[in-house]
Amino acid sequence: MEITKVGVVGAGQMGNGIAHVFALAGYDVLLNDISQDALERALDTVRRNLERQIAREKISEAEAQAAVGRIRTTLKLEDLGGTDLVIEAATEREDVKNAIFERLLPHLKPETILTSNTSSISITRLASRTDRPEKFMGFHFMNPVPVMKLVELIRGIATDEPTFKTLLGVVESLGKTAASAEDFPAFIVNRILMPMINEAVYTLYEGVGSVKSIDESMKLGANHPMGPLELADFIGLDTCLAIMNVLHDGLADTKYRPCPLLTKYVEAGWLGRKTQRGFYDYRGETPVPTR
Ligand SMILES: CC(=O)CC(=O)SCCNC(=O)CCNC(=O)[C@H](O)C(C)(C)COP(=O)(O)OP(=O)(O)OC[C@H]1O[C@@H](n2cnc3c(N)ncnc32)[C@H](O)[C@@H]1OP(=O)(O)O
Ligand SMILES: NC(=O)C1=CN([C@@H]2O[C@H](COP(=O)(O)OP(=O)(O)OC[C@H]3O[C@@H](n4cnc5c(N)ncnc54)[C@H](OP(=O)(O)O)[C@@H]3O)[C@@H](O)[C@H]2O)C=CC1
């Protein structure tokens, strides 16, 4: 099936990045959110990141302008009715995602492929609540989307081969690399990455190291581009906690127990960069560790 029009639900950090890469690859993008503010912030971010790519001579001014011209925004979910592919990238909560699908489905063409950018939630379970489990897939981009090469493709139990092949082609058209993962909690990347981040929070909680020493140790000692606590702030502590809970509940193993300190930060509303405070405080000129 030919994909030309793409709908993106949720205009947070992932939604804006997904809109960015699809528009740059020539797709028409319709970006939806429940908040007009989020839509405006998303467009600003896309413009800023395109500028960055122009400055680094990755793209031309004309390509950037054309990409911005291909992104439209809407507060109305029903406007996504004419799209060929929908990527849901709203908050990592199963009830939120199910409610979006329920409201969206009556407006979609029967052949439209429906996907979720979920970091962890069962694709089979999400698909089972829709009218098209065979045309439903996990379509997992990495953050920051314009930079990261990988897209995880997760088939639910009912996903058909044409849907999988179509998405493989789409990933290729974006200049990215697909990795196929089976549908188990948190798939591949987060099954491995998130317990490491959670362990870094335990290391902080137990006083083994400070925020600064933990991050520096992993940057300089293991060559990670970001320390695990800096990365947790970048991903969003609410998202990290949601993923740990899916691992803990889905695999029923205490090794996935979310660190109580991670829970405390989320309860405080200190969600990382997106709220300007997490393991670092971002309100000043340079980030300052909060522990
Ligand atoms: C939670 C999930 O479900 C799954 C996930 O996504 S897990 C998170 C996965 N992501 C990671 O692990 C990211 C780890 N961090 C990194 O790789 C790096 O720190 C980083 C790429 C984010 C930034 O790298 P950096 O060297 O500190 O910054 P900087 O030099 O400014 O940027 C590096 C490049 O990325 C580009 N870039 C950075 N952020 C960008 C953005 N948001 N949009 C476009 N380009 C961007 C820069 O222009 C630069 O490009 P070139 O190399 O082509 O010149
Ligand atoms: N952060 C990351 O590094 C990665 C995240 N993901 C996944 O991508 C998804 C989005 O994450 P991320 O972008 O970080 O989250 P953000 O919190 O940055 O953005 C989520 C956006 O969805 C909006 N939203 C909430 N409910 C609805 C709704 N009913 N309809 C439309 N929009 C809605 C939120 O609006 P409001 O703010 O008003 O609530 C917000 O703008 C999650 O499933 C996450 O697990 C995948 C890969 C990496």
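Rules and cut-offs
- Residues numbered from 1 in each chain as written.
- Chains lettered and ligands numbered in written order.
- Predicted model: local features only at pLDDT ≥ 70, side-chain atom pairs only at ≥ 80, totals over all residues.
- Heavy atoms only, no water.
- UniProt positions renumbered as here; feature names shortened; annotations may be inferred.
- Near = heavy atom within 4 Å.
- Polar contact = N/O pair within 3.5 Å; in protein donor to acceptor, adjacent residues only side chain to side chain.
- Areas by Shrake-Rupley, 256 points an atom, 1.4 Å probe, with all protein chains shown as cover.
- Helix = DSSP H or I, 4+ residues; strand = E, 2+ residues; numbered from the N terminus.
- Nonpolar A, V, L, I, M, F, W, Y, C, P; charged D, E, K, R; others polar.
- Domains from an automatic or database assignment.
- Buried area = accessible area lost by both parts, 1.4 Å probe.
- Phe/Tyr/Trp six-rings, centres within 6.5 Å; stacked < 30°, edge-to-face > 60°.
- Buried < 20%, exposed > 50% of the residue type's maximum accessible area, 1.4 Å probe, protein only.
- Lys NZ or Arg CZ within 6 Å of the ring centre and 35° of its normal.

In the annotation of an unreviewed UniProt entry, the protein is listed under the name 3-hydroxybutyryl-CoA dehydrogenase and assigned to Celeribacter indicus. Under the heading Sequence similarities (unreviewed entry), UniProt records this for the protein: "Belongs to the 3-hydroxyacyl-CoA dehydrogenase family."

K.L.:
What's the story with the site of ligand 1 in this structure? I'm lost.
P.N.:
In the vicinity of ligand 1 lie 18 residues, with Lys 58, Ser 119, His 140, Asn 143 and Asn 190 positioned nearest. Contact distances for ligand 1 include 2.9 Å between an oxygen atom and a side-chain N or O atom of Arg 56. A distance of 2.8 Å separates an oxygen atom of ligand 1 from a polar side-chain atom of Asn 190. Out of a free accessible area of 1000 Å², ligand 1 has 70% covered by protein chains. Of all elements in the fold, only α2 (36-55), α7 (189-205) and α9 (228-235) reach the threshold of two or more residues within the shell around ligand 1. Tallied by class, the residues present in the shell around ligand 1 amount to 10 nonpolar, five polar and three charged.

K.L.:
Explanation requested: unusual backbone geometry in the structure shown.
P.N.:
Peptide bonds are mostly trans, and most non-glycine residues show a negative phi. Note the cis peptide between Asn 143 and Pro 144, where omega equals 0°. Look at Ala 252: it is not a glycine, yet its phi comes out positive at around 50°. By the secondary structure assignment, Ala 252 is in the loop between α10 (237-251) and α11 (260-267). The phi dihedral of Gln 276 falls on the positive side, at around 70°, and the residue is not glycine. Relative to the assigned elements, Gln 276 resides in the loop between α11 and β9 (280-281).

K.L.:
Please explain the site of ligand 2 as it appears in this structure.
P.N.:
Among the 25 residues in the neighbourhood of ligand 2, the closest are listed as Asp 33, Glu 92, Lys 97, Ser 119 and Ile 235. Contacts to ligand 2 include Met 14, whose backbone N or O atom sits 2.9 Å from an oxygen atom. One nitrogen or oxygen atom from the side chain of Glu 92 is found 2.6 Å from an oxygen atom belonging to ligand 2. The fraction of the free accessible surface of ligand 2 (900 Å²) that becomes covered by protein chains is 83%. Secondary structure elements with two or more residues in the shell around ligand 2: α1 (13-24), α4 (94-104) and β6 (136-141). Looking at the shell around ligand 2 element by element, the count peaks at three residues for α4. Tallied by class, the residues present in the shell around ligand 2 amount to 10 nonpolar, 11 polar and four charged. Counting contributing residues, the shell around ligand 2 receives three or more from each of domain 1 (5-182) and domain 2 (191-289).

K.L.:
I would appreciate a short explanation of the UniProt feature "domain: 3-hydroxyacyl-CoA dehydrogenase NAD binding" (unreviewed entry) in the protein in the present structure.
P.N.:
Listed under "domain: 3-hydroxyacyl-CoA dehydrogenase NAD binding" (unreviewed entry) in the UniProt record, and renumbered for this structure, are residues 5-183. In residues 5-183, helix accounts for 40% and strand for 22%; the two terminal C-alpha atoms are 27 Å from one another.

K.L.:
Quick question: what am I supposed to make of the domain arrangement of the protein here?
P.N.:
Accessible area lost during the coming together of the parts is what is often quoted as the interface size. Each assigned domain of the protein is listed with its residue range as follows: domain 1 (5-182) and domain 2 (191-289). Averaged C-alpha coordinates put domain 1 and domain 2 at centres separated by 26 Å. Interface area, domain 1 with domain 2, both sides summed: about 570 Å², of which 63% is carbon and sulfur. The largest per-residue losses of area from domain 1 upon contact with domain 2 belong to Gln 13, Glu 92 and Ser 120, which jointly make up 58% of the total buried on that side.

K.L.:
When you look at the packing of aromatic side chains in this model, what are you seeing that I'm missing?
P.N.:
A ring pair, where both rings are aromatic, is described by two values, the distance of the centres and the angle of the planes. Counted under the stated rule, the structure contains nine aromatic pairs. Ring plane angle 75° and centroid distance 6.5 Å describe the contact between Phe 22 and Phe 139, whose orientation is recorded as edge-to-face. With Phe 22 in helix α1 and Phe 139 in strand β6, this pair connects stretches of sequence that are 117 residues apart. In this structure, Phe 22 and Phe 139 share a single accessibility class: buried. Aromatic pair Tyr 202 and Tyr 205: ring centres 6.2 Å apart, planes at 65°, arrangement edge-to-face. Of the two residues, Tyr 202 and Tyr 205 are both situated in helix α7; the distance of three residues between them amounts to about one turn of the helix. These aromatic residues form a ring-pair network of at least three members: Phe 22, Tyr 27, Phe 139 and Phe 141. When the ring centre of Phe 164 is taken as reference, the NZ or CZ atom of Arg 155 above it lies at 3.7 Å.

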